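Commentary on secondary and tertiary structure
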Amino acid sequence: MRIGCRSRAVVKTADVSKLTCNLDGEIMNNSAVELEHVTRTYKRDAFEVKALDDVSLKIPDHAFVAIMGPSGSGKTTLLNLIAGIDHATSGKVAVGNEQITAMTERELAAWRARHIGLVFQFYNLIPVLNAFENVELPLLLTNLSKAERKAHVEAALKAVGLADRMDHYPRQLSGGQEQRVAIARAIVTDPTIVVADEPTGDLDAKSAEEILNLLTELNRRFHKTIVMVTHDPRSERFVDTVYRLDKGVFVDAAPGGAASKAATALQPQA
C-alpha cells in the first residue's frame, strides 16, 4: 500500500516508504477543503438552532489543522460537513476538487469510501475482531483480493507502529494502541483527508502525546491532510493552523506550534 498518494483506485503496493503520487490525471488545487458561506440549521420542535452560521474558510492541501472552540461551538458539525456525513443547509462545501454539497446520499457514501478516513474519540473497534481484522474492514468494500488486502493492512499497521500487534484483540491493547489501530483503519484505503474527532479525548497525557506525534508523522511523512476537532490545548503545538469557532461562527485562524517551528527553522542563523 502506498500511503499518501491519492488515486481513484487503491494503489496495489505494500511499500509505505514510497511517496511519489499517482494522480490518475486528477487536477488538484491548493485547498483540501473550502467552505463558502456555510450555514447548518437544525430544527428542535418549533425552534431553529444554527450550529454553523455563515462560515467561510479554506484548509490547504497536506496541512495538519485543529478546529477548536468551546462545547456547542459547531466543531463537530463542521467536521461532519467536511466528511460528507451531514449536509449544509446553505452554502457550498468543496473537498479537493469536488463540490459535495449537492451530492445524493448514495453519491456521498461512494465519495466517503474513496476520500475520507475517520478517527473517533472512542476508537469504535469491533471487540470480537483482532487488530488486523478491524483494519481490514474498509477494504472489504473494495475489489481487492485477499492477498492485496493483507498487504494493505500490514502496511497500515506498520505505519502506526503496531506490526507486532496484528493478532491482538482490543481488550489486549492499551487505549493508545487501540487508537493506533483506529488510525490504521482510517488510512488503510489511502484517503484524501483524515478527519479526527477528539482523537486524544479518552487518553492519558502520555498516550495523547504519542497519538499527536503519530498524526504529525502521517502528515509530514505521508503528506496526509488531517483535520482534527479537539479541546486538548496540547494539540496546538503539533498543528500548522488552529481554526476557532464560537457559537457557530468562525472567529479566526492562527498559526499552530508546527508553523512556528517551521518559521524559526527558516530564519538565518546569526
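Residues numbered from 1 in each chain as written. Predicted model: local features only at pLDDT ≥ 70, side-chain atom pairs only at ≥ 80, totals over all residues. Heavy atoms only, no water.

**Description of the overall build of the chain**
- Helix and strand content of the chain: 7 helices and 10 strands.
- Within the span of the chain, comprising 270 residues, buried residues form 49% of the whole.
- Across the chain, contacts joining residues at least 24 apart in sequence account for 66% of those joining residues at least 6 apart.
- Summed over its atoms, the accessible surface of the chain is roughly 13,000 Å², and 54% of this surface lies on carbon and sulfur atoms. (Helix = DSSP H or I, 4+ residues; strand = E, 2+ residues; numbered from the N terminus. Buried < 20%, exposed > 50% of the residue type's maximum accessible area, 1.4 Å probe, protein only. Contact = heavy atoms within 4.5 Å. Areas by Shrake-Rupley, 256 points an atom, 1.4 Å probe, with all protein chains shown as cover.)

**Considering the nonpolar core**
- Core analysis: the largest hydrophobic core is formed by 41 residues, its most contacted members being Val135, Leu157, Val160, Ile183, Leu215, Leu218 and Met228.
- Contributing elements (two or more residues each) for this core: strand 3 (64–68), helix 3 (131–136), helix 4 (146–159), helix 5 (175–187), strand 7 (193–197), helix 6 (205–222) and strand 8 (225–229).
- Ranked by the residues each element gives to this core, the list is headed by helix 6, at 7 residues.
- Dropping the residues within four chain positions of it, leucine 157 is found in contact with Ala131, Phe132, Val135, Leu162, Ala163, Met166 and Ala184.
- Formed by 30 residues, the second largest nonpolar core is a distinct cluster that contains Val33, Leu52, Val95 and Trp111. (Core = buried A, V, L, I, M, F, W, Y, C linked by side-chain atoms within 4.5 Å.)

**Examining unusual backbone geometry**
- The phi dihedral of aspartate 54 falls on the positive side, at around 55 degrees, and the residue is not glycine.
- Backbone geometry at lysine 247 places phi at a positive 55 degrees, although glycine is not the residue there.
- Residue class for lysine 247 comes out exposed when judged on its relative accessible area of 70%.

**Some thoughts on the sheet that holds strand 6 (residues 116–119)**
- Spatial ordering of the open sheet is given by 6-7-8-3-9-10, a layout of 6 strands whose pairing is mixed. On the outer flanks of this sheet lie strand 6 and strand 10 (249–255), each paired with one strand and no other. Each neighbouring strand pair of the sheet contributes to a mean axis angle of 20 degrees, computed without reference to strand direction.
- Across 4 bridges, the pairing between strand 3 and strand 9 (residues 241–246) is parallel. Bridged to alanine 66 within strand 9 is valine 242. (Pairing = 2+ DSSP bridges. Axes fitted to C-alpha atoms, helices over the stretch in contact; angles between N-to-C directions.)

**A word on the packing of helix 5 against helix 6**
- Between helix 5 and helix 6, the shortest axis-to-axis distance is 10 Å and the interhelical angle comes to 20 degrees. On the basis of the axis angle, helix 5 is roughly parallel to helix 6. As for how helix 5 packs across helix 6, the hand of that crossing is right-handed. Residues Gly176, Gln179, Arg180, Ile183 and Ile187 of helix 5 touch helix 6, and the partners they reach there are Ser207, Glu210, Ile211, Leu214, Leu215 and Leu218.
- For the contact of helix 5 with helix 6, the class distribution of residues is 6 nonpolar, 3 polar and 2 charged. (Parallel < 35°, antiparallel > 145°, perpendicular 65-115°, else oblique. Left-handed = near helix turned anticlockwise from the far one by under 90°. Nonpolar A, V, L, I, M, F, W, Y, C, P; charged D, E, K, R; others polar.)

**Some thoughts on the pattern of salt bridges**
- Taken as a whole and assessed by the stated rule, the structure comprises 14 salt bridges.
- Between glutamate 34 and lysine 58 there is a salt bridge, with its nearest N and O atoms 3.8 Å apart. Taken as a pair, glutamate 34 in strand 1 (residues 31–44) and lysine 58 in strand 2 (residues 47–60) lie far apart in primary sequence, 24 residues in all. (Salt bridge = Lys/Arg side-chain N within 4 Å of Asp/Glu carboxyl O.)

**Some remarks on the sheet that holds strand 5 (residues 98–99)**
- The sheet built from 4 strands is open, its strands ordered 2-1-4-5 with antiparallel pairing. Edge positions in the sheet fall to strand 2 and strand 5, since each of these pairs with one other strand and no more.
- The sheet contact formed by strand 4 (residues 90–95) and strand 5 spans 2 bridges and is antiparallel. Of the residues in strand 5, the one forming a bridge with alanine 94 is glutamine 99.

**Focus: the side chain of arginine 180**
- Here arginine 180 is to be found in helix 5.
- An unpaired buried charge is present at arginine 180: no salt bridge exists, and glutamate 210, the closest side chain of opposite charge, is 4.5 Å distant.
- Excluding residues within four positions of it along the chain, arginine 180 makes contact with Val160, Gly161, Leu162, Glu210, Ile211 and Leu214. (Lys, Arg positive; Asp, Glu negative; His and termini not counted.)

**So, a nonpolar patch on the surface**
- Residues Ile126, Val128, Leu137 and Leu140 make up a contiguous nonpolar surface patch of roughly 340 Å² in combined accessible area.
- Structurally, the position occupied by leucine 140 is in the loop between helix 3 and helix 4.
- In this structure leucine 140 comes out as partly exposed when scored by relative accessible area, which is 47%. (Patch = residues over 30% accessible without salt bridge, like charges linked within 9 Å, V, L, I, M, F, W, Y side chains within 5 Å.)

**A closer look at the confidence of the model for the chain**
- For the chain, per-residue confidence averages 86 on the pLDDT scale, and 85% of positions sit at 70 or higher.
- Below pLDDT 50 for its whole length, residues 5–28 participates in 54 contacts with residues either more than four positions away or in separate chains. (pLDDT = per-residue confidence, 0-100.)

**Quick notes on the pairing of strand 7**
- Counting buried residues along strand 7, 4 of its 5 residues qualify, which places the element largely inside the surrounding structure.
- Where strand 7 and strand 8 come together, 5 bridges link them in parallel fashion. Bridge pairing links isoleucine 193 to threonine 225 in strand 8.
- Once you follow strand 7 into helix 6 and on to strand 8, the crossover reads as right-handed. (Right-handed = clockwise from strand over helix to strand, strands pointing away.)

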